[in-house]
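Spelled out from the first residue to the last, the chains are:
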Amino acid sequence: MDKNQINSSRAPEPVGLYPHARRAGNFLFLSGVGPRERGTKIIPGVHLGEKGEIVSYDIEAQCHSVFKNVKYILEEAGSSWDKIIDVSVYLTNMKADFPIYNRLWAEYFKENPPCRTTIEINCLPTPIAIELKVVATI
């Protein structure tokens, strides 16, 4: 495997053929990170119906989990939370979830917040309500 590819032993396994992150010079580019738990199909705060559809979800639980997963990848790649410089946020329900996400963002990034773009999309590859695409320095 390319030495610039990083795969975390703590973050959830990717749902496709891609690394958790790739190092390029002093930059670290994370693939999309969701709130799933490693080694399981469990998504914190999500309740699925019999056909795998989302019956209900708790965006706050998903936010805490996605932030934890990002932190795991950063740490295993030799970076850290305070070295995040840019985040693209994908939400499946901007109207309902943005206020909660924005409040939690302010708690997690009290000091030196990174740049951020938030986009509403109609779905993600797994039954989650949030995914982050992160760029950090090493």
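Above this text sits the structure in question.
Read on for a plain summary of the structure. What you see is a predicted model, and the numbers here were worked out from it, not measured in a lab.

1. Examining the side chain of Ser 31
Next, step 1: Mapping Ser 31 onto the fold places it in the loop between β3 (27-30) and β4 (46-48).
Next, step 2: Here Ser 31 is in contact with Tyr 18, Pro 19, His 20, Ala 21, Leu 132 and Lys 133, once residues within four sequence places are set aside.

2. Details of the pattern of salt bridges
Next, step 1: Taken as a whole, this structure holds 6 salt bridges when the rule is applied.
Next, step 2: The partner of Arg 10 in a salt bridge is Glu 76, and the shortest N-O contact between them spans 3.4 Å. Here Glu 76 lies in helix α1 (residues 59-76) and Arg 10 lies in the loop between β1 (5-6) and β2 (21-24), a separation of 66 residues in the sequence.
Next, step 3: According to the relative accessible area criterion, Glu 76 is partly exposed, its value standing at 32%.
Next, step 4: If you follow the salt bridges from partner to partner, you end up with Arg 10, Lys 71, Glu 75 and Glu 76 in one network.

3. Topic: the packing of α1 against helix α2 (residues 94-108)
Next, step 1: Orientation of α1 relative to α2, taken along the N-to-C sense of each, is 40°, at an axis distance of 10 Å. On the basis of the axis angle, α1 is oblique to α2. In this structure, α1 crosses over α2, and the sense of that crossing is right-handed. Facing α1, whose interface residues are Ile 59, Glu 60, Cys 63, His 64 and Phe 67, α2 presents Asp 97, Ile 100, Tyr 101, Arg 103, Leu 104 and Tyr 108.
Next, step 2: Of the residues belonging to the contact of α1 with α2, the class tally is 7 nonpolar, 1 polar and 3 charged.

4. What to know about the nonpolar core
Next, step 1: By size, the foremost hydrophobic cluster in this structure holds 28 residues, and its most contacted members are Leu 30, Val 70, Leu 74, Ile 84, Tyr 101, Ile 130 and Leu 132.
Next, step 2: Taken together, the elements giving at least two residues each to this core come down to β3, α1, β6 (84-91), α2 and β8 (130-137).
Next, step 3: If you tally residues by element for this core, the top one is α1, at 7 residues.
Next, step 4: Ignoring any residue separated from it by four or fewer positions in sequence, one finds Val 70 in contact with Leu 30, Val 33, Trp 81, Ile 84, Leu 132 and Val 134.

5. Points about unusual backbone geometry
Next, step 1: Of note, the phi angle at Asn 112 is positive, near 50°, even though the residue is not glycine.
Next, step 2: The exposure class assigned to Asn 112 is exposed, which follows from its relative accessible area of 62%.

6. Some words on the packing of aromatic side chains
Next, step 1: All chains considered together, the criterion is met by 9 aromatic pairs.
Next, step 2: Each ring, one from Trp 81 and one from Tyr 108, has its centre 5.9 Å from the other, and the planes form 55°; the classification is tilted. Here Tyr 108 lies in helix α2 and Trp 81 lies in the loop between α1 and β6, a separation of 27 residues in the sequence.
Next, step 3: Relative accessible area serves as the criterion here: at 18%, Trp 81 is assigned to the buried category.

Criteria and cut-off values
Residues numbered from 1 in each chain as written. Predicted model: local features only at pLDDT ≥ 70, side-chain atom pairs only at ≥ 80, totals over all residues. Heavy atoms only, no water. Helix = DSSP H or I, 4+ residues; strand = E, 2+ residues; numbered from the N terminus. Contact = heavy atoms within 4.5 Å. Salt bridge = Lys/Arg side-chain N within 4 Å of Asp/Glu carboxyl O. Buried < 20%, exposed > 50% of the residue type's maximum accessible area, 1.4 Å probe, protein only. Axes fitted to C-alpha atoms, helices over the stretch in contact; angles between N-to-C directions. Parallel < 35°, antiparallel > 145°, perpendicular 65-115°, else oblique. Left-handed = near helix turned anticlockwise from the far one by under 90°. Nonpolar A, V, L, I, M, F, W, Y, C, P; charged D, E, K, R; others polar. Core = buried A, V, L, I, M, F, W, Y, C linked by side-chain atoms within 4.5 Å. Phe/Tyr/Trp six-rings, centres within 6.5 Å; stacked < 30°, edge-to-face > 60°.

On their own, these measurements won't tell you what the molecule is for.
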